[in-house]
Amino acid sequence: MSVRFRVVFALACAVLAAMLCTVYAQHVQAETERERSEALERYGGETVNLVVATKNLSSGETVTKDEVTTKEWLSDLAPEGAKTDIDEVVGKRLTSAVASGSPLCSLAFEEPEGTAQVPDGHVALSLSSADRLGLPDGAATGARLLAYRMSDSGTSLISDDVRLLATGSEGQRYGSSSITLAVLPSQVADILAASASGNLRLVVPADDVDVQATGAATAPTSVAPTAQEGNPS
């Protein structure tokens, strides 16, 4: 390969690289302009007043009026779904934390995937899953559960109307996890007491299981001898 060919080939590669860089830069610029145009169209101007947190807000907290304010923001830098009206966020519960000075967005109020709604007539109750609750791995959110109390005299049914709403971490600081249940208000005290004493067990029944019909509310404390066993001589 001659020196002349090498020089020509190197120049051609340099020209091609320059052209590719130009095309890429034009693409990036066009994409930026598109996003900017969408932001301007969404908010109607170069700047917009966004609702921002005046302090660090935690997940599960209900937003109050003294915890938010409005702040001027460049429209093309506004996050997707950013709120512009304080009245739209006051009184709503956060599902994710928001740092002080950050805009409040729709995502901060969205329920996480896999969380079931509390059924009518029930209340939500959180328990530490570090206890031996007997809940099978992989139990689906929304699943019906049976709640039993274990004792020396046997096993008694507390409720056949419990729903699994969610499972999740209570906080990395503690390294523990929790489950959230939907229970009838009249059964909250019994379930909490059984959980506190370590005697609560949760069971996942099949859809066709009718606990009341089968009379399985209380487990037997002794087993009578069968006919085949006979009486001892």
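Residues numbered from 1 in each chain as written. Predicted model: local features only at pLDDT ≥ 70, side-chain atom pairs only at ≥ 80, totals over all residues. Heavy atoms only, no water.

A. Examining the overall build of the protein chain more closely. When helices and strands are tallied, the protein chain shows three helices and seven strands. Along the protein chain, from the amino end to the carboxyl end, the secondary structure elements read α-β-β-β-β-β-β-α-β-α. Of all 233 residues assigned to the protein chain, the portion counted as buried reaches 25%. In the protein chain, once contacts between residues fewer than 6 apart in sequence are set aside, the share between residues at least 24 apart is 63%. Accessible area for the protein chain stands at about 15300 Å²; split by element, carbon and sulfur atoms hold 53% of it. (Helix = DSSP H or I, 4+ residues; strand = E, 2+ residues; numbered from the N terminus. Buried < 20%, exposed > 50% of the residue type's maximum accessible area, 1.4 Å probe, protein only. Contact = heavy atoms within 4.5 Å. Areas by Shrake-Rupley, 256 points an atom, 1.4 Å probe, with all protein chains shown as cover.)

B. Examining the packing of aromatic side chains more closely. Taken as a whole and assessed by the stated rule, the structure comprises zero aromatic pairs. A cation over an aromatic ring shows up here: lysine 92 above the ring of phenylalanine 109, its NZ or CZ 4.8 Å from the ring centre. (Phe/Tyr/Trp six-rings, centres within 6.5 Å; stacked < 30°, edge-to-face > 60°. Lys NZ or Arg CZ within 6 Å of the ring centre and 35° of its normal.)

C. Structural view of the pairing of strand β1 (residues 47-53). The buried count for β1 comes to five of seven residues, which makes it a mostly enclosed element. As paired elements, β1 and strand β2 (residues 68-74) share seven bridges and run antiparallel to each other. Along β2, the bridge assignment pairs leucine 50 with lysine 71. (Pairing = 2+ DSSP bridges.)

D. Representation of the side chain of glutamine 187 in the model. By secondary structure assignment, the location of glutamine 187 is in the loop between β6 (176-183) and α2 (188-196). Beyond its immediate sequence surroundings of up to four residues, glutamine 187 is in contact with Ile158 and Ser159.

E. Molecular detail of the confidence of the model for the protein chain. Averaged over the protein chain, the pLDDT score is 76; the fraction of residues at 70 or greater is 73%. Across residues 169-176, where pLDDT falls below 50, the model places seven contacts with residues more than four positions away in sequence or in other chains. For residues 213-233, every residue scores under 50 in pLDDT, and the model assigns this stretch 13 contacts once sequence neighbours within four places are set aside. (pLDDT = per-residue confidence, 0-100.)

F. Here's a closer look at α2. Within the sequence span of α2, burial applies to Val188, Ile191, Ala194 and Ser195. Down the axis, α2 shows its buried residues gathered within 140° of arc, on one side only. Opposite the packed face of α2, turned more than 90 degrees from it, sit the exposed residues Ala189 and Ala196. (Arc of directions from axis to C-beta.)

G. Just the pattern of salt bridges, in detail. Evaluated as defined, the whole model comprises three salt bridges. Its salt-bridge partner being glutamate 67, residue lysine 55 comes within 3.7 Å of it at the nearest N-O pair. A residue pair is termed long-range when its members are at least 10 positions apart, and lysine 55 in the loop between β1 and β2 and glutamate 67 in the loop between β1 and β2 qualify at twelve residues. Of the residues examined, lysine 55 reaches a relative accessible area of 40% and is grouped as partly exposed. By relative accessible area, glutamate 67 is classed as buried at 8%. Between glutamate 88 and lysine 83 there is a salt bridge, and its shortest N-O distance comes to 3.0 Å. (Salt bridge = Lys/Arg side-chain N within 4 Å of Asp/Glu carboxyl O.)

H. Spatial organisation of the environment of glutamate 46. Its location among the elements puts glutamate 46 in the loop between α1 (3-43) and β1. Counting along the chain gives 27 residues from glutamate 46 to tryptophan 73, while the straight-line C-alpha distance between them is 8.6 Å.

I. A look at the environment of valine 162. Mapped onto the fold, valine 162 is located in strand β5 (residues 154-171). The class of valine 162 is buried, set by a relative accessible area of 0%. Each C-alpha atom, one on valine 162 and one on leucine 184, is 7.7 Å from the other, the two residues being 22 residues apart in sequence. With residues near it in sequence (within four places) discarded, valine 162 still touches Ala143, Arg144, Leu145, Ala147, Leu181, Ala182, Val183 and Ile191.

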